[in-house]
Amino acid sequence: MAAAAATPTASSGLIRYAAAAPAHSHHQARCSSARPSLLALRHRAARPAPFDYDGDETGDDHPREECGVFGVVGDPDATSLCYLGLQKLQHRGEEGTGIAAAGEDGTIKLERGLGLVGDVFGADPTRLARLPGHAAIGHVRYSTAGAAASLRNVQPFLAGYRFGQLAVAHNGNLVNYHALRNKLEAQGSIFSTSSDTEVIQHLIATSLSRPLLARICDACERLAGAYSLLFLTADKLLAVRDPFGFRPLVMGRRRNGAVVFASETCALDLIDAAYEREVEPGEVVVVDRRDMSVSSACLVPHRPRKSCVFEHIYFALPNSVVFGHAVHERRSAYGRALAEESPAPTADVVIPVPDSGFYAALGFSQTSGLEFQQGLIRWHYSGRSFIQPSQAIRDLAVKLKLAPVHGVIRGKSVVVVDDSLVRGTTSSKIVRLLRDAGAREVHMRIASPPVIGSCLYGIDTPSEGELISNRMDLEGVRRTIGCDSLAFLSLDKLHSIYGDEAPEFCDACFSRNYPVLPTVPEPVPELVSAFED
């Protein structure tokens, strides 16, 4: 393919297209500076180290959504419905899960474990049988560094304080977690986990307000960052969303009147609950299970909405409605816009990187007029591969998860559409896989802008130094992954898809425009032990 001129977008300064260029070409423009910013330094101080992706050479090169929440109140099968809902949200967290249920006597019981929802609860039906009641909340999670094997970090968390029991499930990330924890520990609080969710429990327990709703409001006024929360007491289920609305949280209702909350609407669909609305940013919804009354209150002062655009790009299932938009329609729109910006005129066929690249590739095909084919088949049952003694074996393990369809690829110029490109490791393996399968040319098209910043709001992304578009210019990225041409959806084009709604979405991973900055913990005086002389 002939070399194409590299042209930065007007507002972002990011090159969005690169093709194999002659050796004498020296033109370069960087996606961003690799020099650590003040934000990066604050981020490192305020957040645990990112998940170690190097432990899984065949893992997906995508950020990881850290949590999903589900809750139901007013149904005699609340626990079983919660189990089903969590299974539908499994893609949001695969390393641990739990369910807390309130019995008829008001006692809350908790069951949780490491692994998939089906492994934790399906393999041992007695676990669900130990959770009777008409109200339940549940949680699925990914872990950050060092916590993968720790059951104590698996939610929901259940604690007792002077007003009774309180269970909580949290999706998000508090950017002032360490600062709050330092202050609480200096005041004598004792923590048993490394999760920021435990801070919320302590803030509620130490609040002087009454009733519980006021205590939750007091606690949330001190929180900064992203949180979609479900609380369960003996007689109430409460749903809370942060004032920026970073993470999704929706409300639905079953035909018998039971009220349901979930991170995504796909979980409502599974249990035949009709979608009613989002829990609004800054809102707390209270459902009293004694009379099934539903009330709502403004939790904290209004903030400009900043919903995570990556929910549409990658995390949410395509059959969900998130932030008022059908996810599959958003992804198709990204693909159509990508084809308009960065066509591949010499290509013969468009294939997606399964599964999240499917609708973007379909949109690219529709706009470009190129044939759409499933040229890569994902194997969903391989799990994580730890025994990989040599590079040759690791390369074979990649083929276990992604297998080329030779009849679609051999002798063709192929456009490969993926939803995002983070570290570049998976993309380079896909390019090699396609070339080995006989592809004449491989053109990578990414249906989102270059990822240049880590997420602070509940997504486990690599550090900025590991983000390939933060370390290299576009041509450097293209050479590293080995494709014939590479193009990203520009940030301007992404904004144009949302029109007037664009300012309501957080795009900090693409722009470094962070709505809420981390709080660096302040030094606190050490407590003097009562046992010291």
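Treat the numbers as computed from the prediction; the structure is a model and nothing was measured.

What follows concerns helix 17 (residues 491–498). Residues Leu491, Leu494, Ile497 and Tyr498 constitute the buried set of helix 17. Along helix 17, the residues classed as buried sweep out an arc of 115 degrees about the axis, all on the same side. Buried residues along helix 17 sit against helix 9 (310–315), helix 10 (327–341), strand 27 (505–506) and helix 18 (508–511). Of the residues one or two after helix 17, Gly499 is the one with positive phi, at around 60 degrees.

Where helix 5 (residues 177–186) meets helix 6 (residues 197–206), the axes come as close as 10 Å, and the angle between the chain directions of the two elements is 45 degrees. It follows from the interaxial angle that helix 5 and helix 6 lie oblique. Both helix 5 and helix 6 take part in a crossing whose hand is left-handed. Residues Tyr177, Leu180, Arg181 and Leu184 of helix 5 pack against Val199, His202 and Leu203 of helix 6. Residue classes in the contact of helix 5 with helix 6 are distributed as 5 nonpolar, 1 polar and 1 charged.

For a regular strand, side-chain orientation follows a simple rule: the groups alternate between the two sheet faces. Strand 23 (residues 413–418) sits mainly inside the fold: 6 of its 6 residues count as buried. When strand 19 (residues 349–352) meets strand 23, the two strands line up parallel, connected through 4 bridges. Across the sheet, residue Val350 finds its bridge partner in strand 23, namely Val415. As paired elements, strand 23 and strand 24 (residues 441–446) share 6 bridges and run parallel to each other. Note on strand 24: the bridge partner recorded for Val416 is Met444. Note on the crossover from strand 23 through helix 14 (residues 425–436) to strand 24: the handedness is right-handed.

As a further point, take the packing of aromatic side chains. Here the structure, examined in full by the defined rule, presents 12 aromatic pairs. Note on Phe323 and Phe505: the rings are 6.1 Å apart at their centroids and 75 degrees apart in plane angle, and the pair reads as edge-to-face. Here Phe323, found in the loop between strand 17 (321–322) and strand 18 (325–326), pairs with Phe505, found in strand 27; they are 182 residues apart in sequence, far enough to count as distant. The same class applies to Phe323 as to Phe505, namely buried. Relative to Phe372, the ring of Phe358 has its centre 5.3 Å away and its plane inclined at 85 degrees; by these criteria the two rings are edge-to-face. One end of the pair, Phe358, is in helix 11 (residues 358–368); the other, Phe372, is in strand 20 (residues 371–372), and 14 residues separate them in sequence.

So, on to the sheet that holds strand 8 (residues 164–174). The pairing of strands in a sheet happens through backbone hydrogen bonds and is either parallel or antiparallel. Here we have 6 strands laid out as an open sheet, ordered 7-8-9-10-14-15, and antiparallel in their pairing. Here the strands that pair on one side only, and so sit at the sheet edges, are strand 7 (157–161) and strand 15 (293–298). The sheet shows a mean angle of 20 degrees between the axes of neighbouring strands, direction not considered. As paired elements, strand 14 (residues 283–288) and strand 15 share 6 bridges and run antiparallel to each other. Each residue of the ladder has a partner; that of Val284, found in strand 15, is Ala297. Packing of helix 6 onto the sheet brings it into contact with strand 7, strand 8 and strand 9 (225–232), and relative to strand 8 it is tilted by some 135 degrees. Those strands touched by helix 7 (residues 212–221) are strand 7, strand 8, strand 9, strand 10 (236–241), strand 14 and strand 15, and its axis lies near 25 degrees from that of strand 10.

So, on to the UniProt feature "active site" (unreviewed entry) in the chain. The positions that UniProt labels "active site" (unreviewed entry) are, in the present scheme, Cys67. Inspection of the secondary structure assignment puts Cys67 in strand 3 (residues 67–73). Contact partners of Cys67, with chain neighbours within four places excluded, come to Arg92, His139, Val140, Arg141, His170 and Asn171.

Contact pair helix 10 / helix 11: the axes reach a minimum separation of 6 Å and the direction vectors enclose 45 degrees. When the interaxial angle is binned, helix 10 and helix 11 end up oblique. Crossing hand, helix 10 versus helix 11: right-handed. Counted together, His328, Arg331, Ser332, Gly335, Arg336, Leu338, Ala339 and Glu340 of helix 10 and Tyr359, Ala360, Gly363, Phe364, Gln366, Thr367 and Ser368 of helix 11 form the full contact between these two elements.

A few words now on helix 7. Listed as buried for helix 7 are Leu212, Arg215, Ile216, Cys217, Ala219 and Cys220. Looking at the packing, one finds that the buried side of helix 7 touches strand 7, strand 8, helix 6, strand 9 and strand 10.

Ordered in space as 5-4-6-3-12-11-13, the 7 strands form an open sheet in which the pairing is antiparallel. Whereas interior strands pair on both sides, the edge strands pair on one side only; in this sheet they are strand 5 (108–114) and strand 13 (273–278). When the angles between neighbouring strand axes are averaged without regard to direction, this sheet yields 15 degrees. Where strand 11 (residues 250–254) lies against strand 12 (residues 259–262), 4 bridges are found, and the strand directions are antiparallel. Across the sheet, the residue bridging to Met251 is Phe261, located in strand 12. Against the sheet, helix 2 (residues 78–88) makes contact with strand 3, strand 4 (96–102), strand 6 (135–141) and strand 11, and its axis sits at roughly 20 degrees relative to strand 6, the strand it touches most.

The subject of this paragraph is the pairing of strand 19. Where burial is concerned, the two faces of strand 19 agree: the one with Val349 and Ile351 and the one with Val350 and Pro352 are both buried. In the sheet, strand 19 pairs with strand 20 via 2 bridges, with the strands oriented parallel. Its bridge partner lying in strand 20, Val350 is registered against Phe372. The β-α-β motif built from strand 19, the intervening helix 11 and the parallel element strand 20 has right-handed crossover chirality.

For the rest of this paragraph, the subject is the UniProt feature "binding site: Mg(2+)" (unreviewed entry) in the chain. UniProt marks Ser356, Asp418 and Asp419 with the feature "binding site: Mg(2+)" (unreviewed entry), using the numbering shown here. A stretch of 64 residues holds the annotated residues, and the largest C-alpha distance among them is 7.3 Å, short enough that they meet in one place. You can see Asp418 is positioned in strand 23. Owing to a relative accessible area of 3%, Asp418 belongs among the buried residues under this scheme. Take Asp419: it is sitting in the loop between strand 23 and helix 14. Within the structure, the side chain of Asp419 is placed 2.7 Å from the side chain of Ser420, a separation counted as a polar contact.

Thresholds applied
- Residues numbered from 1 in each chain as written.
- Predicted model: local features only at pLDDT ≥ 70, side-chain atom pairs only at ≥ 80, totals over all residues.
- Heavy atoms only, no water.
- Buried < 20%, exposed > 50% of the residue type's maximum accessible area, 1.4 Å probe, protein only.
- Helix = DSSP H or I, 4+ residues; strand = E, 2+ residues; numbered from the N terminus.
- Arc of directions from axis to C-beta.
- Contact = heavy atoms within 4.5 Å.
- Axes fitted to C-alpha atoms, helices over the stretch in contact; angles between N-to-C directions.
- Parallel < 35°, antiparallel > 145°, perpendicular 65-115°, else oblique.
- Left-handed = near helix turned anticlockwise from the far one by under 90°.
- Nonpolar A, V, L, I, M, F, W, Y, C, P; charged D, E, K, R; others polar.
- Pairing = 2+ DSSP bridges.
- Right-handed = clockwise from strand over helix to strand, strands pointing away.
- Phe/Tyr/Trp six-rings, centres within 6.5 Å; stacked < 30°, edge-to-face > 60°.
- UniProt positions renumbered as here; feature names shortened; annotations may be inferred.
- Polar contact = N/O pair within 3.5 Å; in protein donor to acceptor, adjacent residues only side chain to side chain.

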